[in-house]
Amino acid sequence: MMKKYLLLLFFLVFGFSQSQIIRKYSNEFLNIGAGARGLAMGGAVISNQDDVYSPMWNPAGLNGITRDWQGAAMHAEYFESIAKYDYLAYAKVLEEGVFGVSIVRLGVDNILNTTQLIDTEGNIDYDKITKFSQSDYAGIVTYAFHPGGNPKLDVGINAKIVYRNVGKFASGYGFGFDVGAIYKADNGWKFGGILRDATTTVNFWSINQNELSAVVNGEEFNPAPTDKMELTMPKLNAGASKLFEINSSLYILPEAGINVDFAKTAALLSTDFASITPYAGAELGYQKMIFVRLGINRFQSITDIEDLSRKVSFQPSAGLGIRYRGLTLDYAISNSGIGGSNFFSNFFSLKLDMGEFRND
C-alpha cells in the first residue's frame, strides 16, 4: 500500500511539474552558500560543515552543535559592489536534535527604471527616469537529528520560504524543502549529501502590468509574462571527506564530490536527464586556531565568442580563518571563473559559539 501511495505522489508531482514553467536557475541565490569557510573551500563542505552555517550546505551538519547555541553573520559584495549578499543565522541545541533559523538576502539597488522614458507620442523625457531595487529574500527553518538515536547518522531538513521583489514591477513567493544526511564511518571518513528543493520549490509571481508596460505610438512594449508560476527542480550535492592529522598541531581536511543538476546545462558532463560537475577543497588547520583554505568548483564548458573554440571554465577560491575561544572570523575570495573574468568577490563571516565561552 505504501508503494502505491509513493508511486501516486511521484506521478502527481511529475505531472504538475510538466504543466508549469521550469527554470534551470530559479532561486539560484540559495545555492551560493554561506560562511566564508565553505566559500573558500569551493563548497567542499557537504560532509564536514558542522555549525550554524550548515543549513546552506547540508542541514544535517547542524548536529555538530552539541551544546548551547551559535549565531553567525556574513556579508559579501559581487561585481564591484553592484550586488550585496547577507546572511544571518541562529541555532540552538534542544533535548533532541538541533533547531536553526536563517535569513538570506541578495539585492541589487539603484537600478535605473527607463520604462517611462519615452511617452506615448515617442518623446524622450529624462525626468521620468527613476530607480528601483531587485531583492531576493529567504527564511529557512532547520531541524537536525539522529534518526533512531544512531550517532553515526545525521539527518537534517530545511523548510524554506522565499520572497522575491523587482521594484514595483513584480513580486513572488515560494516555498520548498531541502533534505540532507551525513554518515560517519568507523575509519574516519564522512559521506554527505543534500537534495535541494526535494519536493520541487514552487514560486508564485504577481506582475504589475501598469508599471511594467510602456506604450509608444500605439505599440506596447514590455508586456507582462503570461506564466505566473515558476518551479525550481531538485539538485543534488554529494561529497566525502576525512581529517588527516599531520602532527599534534597540524591537520588537513580535504573533501571532493559532485554537483548534480537534473537538467541539461553547460556542465562538463551533461545529458538531457542530468548534468554533473565535480568540486574539491581542503582546509589546513593549526591548533584549531588558524586556518588556510583552498577550493575549486563550478566547472563549465564554454564557447569562445571570437574563435568559437570550446574551453573549460572553473571558479577558484581561497581564504583564511582565525578562531579565539568561541569567536571565529573567516575571510574568502573567489573569482567568477567566466572566461578569465577579473571580477573577484570578497566574503567576511563571523561566528559566535556560546557553548565554547560557557565551557571555559
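Going by the structure above, here's the rest.
Residues numbered from 1 in each chain as written. Predicted model: local features only at pLDDT ≥ 70, side-chain atom pairs only at ≥ 80, totals over all residues. Heavy atoms only, no water.

*Asks:* Can you walk me through the nonpolar core in this structure?
*Replies:* Side chains of nonpolar character tend, in soluble globular proteins, to be buried together. Grouped together as the largest cluster of nonpolar side chains are 37 residues, with contacts concentrated most on Phe29, Leu30, Met56, Tyr85, Tyr87, Val104 and Phe347. Where this core is concerned, the elements lending two or more residues are helix 2 (36-40), strand 2 (69-78), strand 3 (83-93), strand 4 (98-113) and strand 5 (130-145). Here the element with the most residues in this core is strand 3; it accounts for five residues. (Core = buried A, V, L, I, M, F, W, Y, C linked by side-chain atoms within 4.5 Å. Buried < 20%, exposed > 50% of the residue type's maximum accessible area, 1.4 Å probe, protein only. Helix = DSSP H or I, 4+ residues; strand = E, 2+ residues; numbered from the N terminus.)

*Asks:* Help me out: how do you make sense of the layout of surface pockets in this one?
*Replies:* Any empty space left between the atoms is revealed when a probe the size of a water molecule rolls over them. Of the voids in this model, the second largest pocket is the one considered here, and its volume is about 1100 Å³. Along the walls of the second largest pocket sit 43 residues, with Asn48, Asp50, Tyr251, Lys288 and Lys351 positioned nearest its centre. Elements represented by at least two residues in the lining of the second largest pocket include exactly strand 7 (170-184), strand 15 (250-261), strand 18 (290-303), strand 20 (327-335) and strand 21 (344-353). (1 Å grid on protein atoms, 1.4 Å probe; cavity = no way out; pocket = protein on both sides within 12 Å on 5 of 7 lines; lining within 4 Å. Points joined across faces, edges and corners; volume = space filled by probe spheres on them.)

*Asks:* Just to check I follow, could you spell out empty space enclosed by the protein for this structure?
*Replies:* If you walk through the whole model with that rule in mind, you get one cavity of 30 Å³ or more. Together, 12 residues line the largest cavity, and Leu30, Asn31, Lys160, Asp178 and Arg196 are the ones closest to its centre. Considering only residue class, the lining of the largest cavity consists of four nonpolar, four polar and four charged. (Nonpolar A, V, L, I, M, F, W, Y, C, P; charged D, E, K, R; others polar.)

*Asks:* Help me out: how do you make sense of the pairing of strand 17 (residues 275-286) in this one?
*Replies:* For a regular strand, side chains alternate in direction, first toward one face of the sheet and then toward the other. Alternating residues of strand 17 divide into Ser275, Thr277, Tyr279, Gly281, Glu283 and Gly285, all buried, and Ile276, Pro278, Ala280, Ala282, Leu284 and Tyr286, none buried. Examined bridge by bridge, strand 15 and strand 17 share 12 bridges and lie antiparallel to one another. Counted as the bridge partner of Leu250 is Tyr286 from strand 17. Across two bridges, the pairing between strand 16 (residues 269-270) and strand 17 is antiparallel. Across the sheet, the residue bridging to Leu269 is Ile276, located in strand 17. What sits between strand 16 and strand 17 in their antiparallel hairpin is a turn of four residues. (Pairing = 2+ DSSP bridges.)

*Asks:* Help me out: how do you make sense of the side chain of Glu283 in this one?
*Replies:* The residue Glu283 is located in strand 17 in this model. A distance of 3.0 Å separates the side chain of Glu283 from the side chain of Arg37, its partner in a polar contact. Within the structure, the side chain of Glu283 is placed 2.8 Å from the side chain of Arg293, a separation counted as a polar contact. (Polar contact = N/O pair within 3.5 Å; in protein donor to acceptor, adjacent residues only side chain to side chain.)

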